Amino acid sequence: MPKYDLQSNHFAGLEEDRLDAATIDALWQLFVRICERWQNVPSAAALRTRWLGFLSNRIEIDPLYVTHYRNAVAVIEELKRQPAIPAAYEFLLTDAEANNAPPQTPLQRTRQSVANEFIAFQLSVGGFKEFTGALNYPGYIAGWNGDGPAPYRTYED
């Protein structure tokens, strides 16, 4: 069976398609910086196992993510070497040009295919609840699931 026709249903994929420890560590640093910047999760370290599962799922759904992740590490390393860019992660997460769609540069691909997805993942595993202070968010997408009145305004209010 030719290589292009092999199905990859495992995080590691084929031997040459694995993410090495250095790549995973570099991606983890990006995720940690996202958590630090948003300050909406108590500890990024508590999310590491779920984050690794997220990486695995992304690669299983679309093996092209191996390339996205490797390119993201290269972009971050290049940003760190630029003297005009003092904070590589800050630049990656805030540069307005990096969000221009469709992505046409390695920076844009890194922001849109990696960093933005890490942000969405971080929000989905608890960041949104912390961000809102649970004022209008009871912890369930379908709404309040407890006794007594809803802890947020209802249409009757």
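Residues numbered from 1 in each chain as written. Predicted model: local features only at pLDDT ≥ 70, side-chain atom pairs only at ≥ 80, totals over all residues. Heavy atoms only, no water.

If you had to explain the overall build of the protein chain to someone new, which residues and values would you point to?
Helix and strand counts for the protein chain come out as five helices and zero strands. Moving toward the C terminus, one meets the helices and strands of the protein chain in the order α-α-α-α-α. Put simply, of all contacts in the protein chain between residues at least 6 apart along the chain, 54% involve residues at least 24 apart. Here the protein chain displays about 10,000 Å² of accessible surface, and carbon together with sulfur accounts for 52% of that area. (Helix = DSSP H or I, 4+ residues; strand = E, 2+ residues; numbered from the N terminus. Contact = heavy atoms within 4.5 Å. Areas by Shrake-Rupley, 256 points an atom, 1.4 Å probe, with all protein chains shown as cover.)

Which residues make up the packing of helix α2 (residues 48–61) against helix α3 (residues 64–81), and what values do they have?
At a minimum axis separation of 7 Å, α2 and α3 run at an interaxial angle of 130°. Relative to α3, the element α2 is oriented oblique. Here α2 contributes F54, L55, R58 and I59 to the contact with α3, which in turn contributes Y65, V66 and Y69. (Axes fitted to C-alpha atoms, helices over the stretch in contact; angles between N-to-C directions. Parallel < 35°, antiparallel > 145°, perpendicular 65-115°, else oblique.)

Break down the packing of helix α1 (residues 21–38) against α2 for me, with residues and values.
Running from amino to carboxyl end, α1 crosses α2 at an angle of 115°, the nearest separation of the two axes being 12 Å. Here the hand of the crossing between α1 and α2 comes out right-handed. Here α1 contributes I24, D25, L27, W28 and F31 to the contact with α2, which in turn contributes R48, W51, L52 and L55. Residue composition of the contact of α1 with α2, grouped by class: seven nonpolar, no polar and two charged. (Left-handed = near helix turned anticlockwise from the far one by under 90°. Nonpolar A, V, L, I, M, F, W, Y, C, P; charged D, E, K, R; others polar.)

Outline the packing of aromatic side chains, supporting the account with residue identities and numerical values.
Inspection of the entire model under this criterion finds ten aromatic pairs. Geometrically, the ring pair formed by W51 and F118 is edge-to-face, given 5.7 Å between the ring centres and 75° between the ring planes. Residue W51 is located in helix α2, and its partner F118 is located in helix α5 (residues 106–132); the two are separated by 67 residues in the primary sequence. According to the relative accessible area criterion, W51 is buried, its value standing at 0%. Aromatic ring contacts, followed pair by pair, group W28, F31, W51, F54, Y65, Y69, F118 and F121 into a single cluster. Here the basic side chain of R48 rests over the ring of W28, its NZ or CZ set 4.9 Å away from the ring centre. (Phe/Tyr/Trp six-rings, centres within 6.5 Å; stacked < 30°, edge-to-face > 60°. Buried < 20%, exposed > 50% of the residue type's maximum accessible area, 1.4 Å probe, protein only. Lys NZ or Arg CZ within 6 Å of the ring centre and 35° of its normal.)

With reference to specific residues and values, describe the nonpolar core.
Considering soluble globular proteins, one finds that nonpolar side chains tend to be buried as a cluster. Among the nonpolar cores identified, the biggest contains 38 residues, and L27, L30, F31, W51, Y69 and F118 are the most heavily contacted of them. Secondary-structure elements contributing two or more residues to this core are α1, α2, α3, α4 (88–94) and α5. A per-element tally of this core places α1 first, with nine residues. Discounting residues that sit within four places of it in the chain, W51 has contacts with I24, L27, W28, F31, F118 and F121. (Core = buried A, V, L, I, M, F, W, Y, C linked by side-chain atoms within 4.5 Å.)

Can you lay out the environment of S56 for me, pointing to particular residues and giving the numbers?
When you line up the elements, S56 lands in helix α2. With 37 residues separating them along the chain, S56 and L19 place their C-alpha atoms 9.9 Å apart.

Explain the pattern of salt bridges to me, and be specific about the residues and the numbers.
On inspection of all chains with the given rule, the structure shows four salt bridges. The salt bridge involving R58 is made with E117; its shortest N-O contact spans 2.9 Å. Here R58, found in helix α2, pairs with E117, found in helix α5; they are 59 residues apart in sequence, far enough to count as distant. For R58, a relative accessible area of 25% puts it in the partly exposed group. (Salt bridge = Lys/Arg side-chain N within 4 Å of Asp/Glu carboxyl O.)

Explain the side chain of Q112 residue by residue, including any values.
Structurally, the position occupied by Q112 is in helix α5. Engagement of the side chain of Q112 in a polar contact is seen with the backbone oxygen of A98, the distance being 3.0 Å. When residues no more than four places from it in sequence are discounted, the contact partners of Q112 are A98, N99, N100, A101, P103 and E117. (Polar contact = N/O pair within 3.5 Å; in protein donor to acceptor, adjacent residues only side chain to side chain.)

So, to be careful, I would describe these as geometric facts and stop short of saying anything about function.
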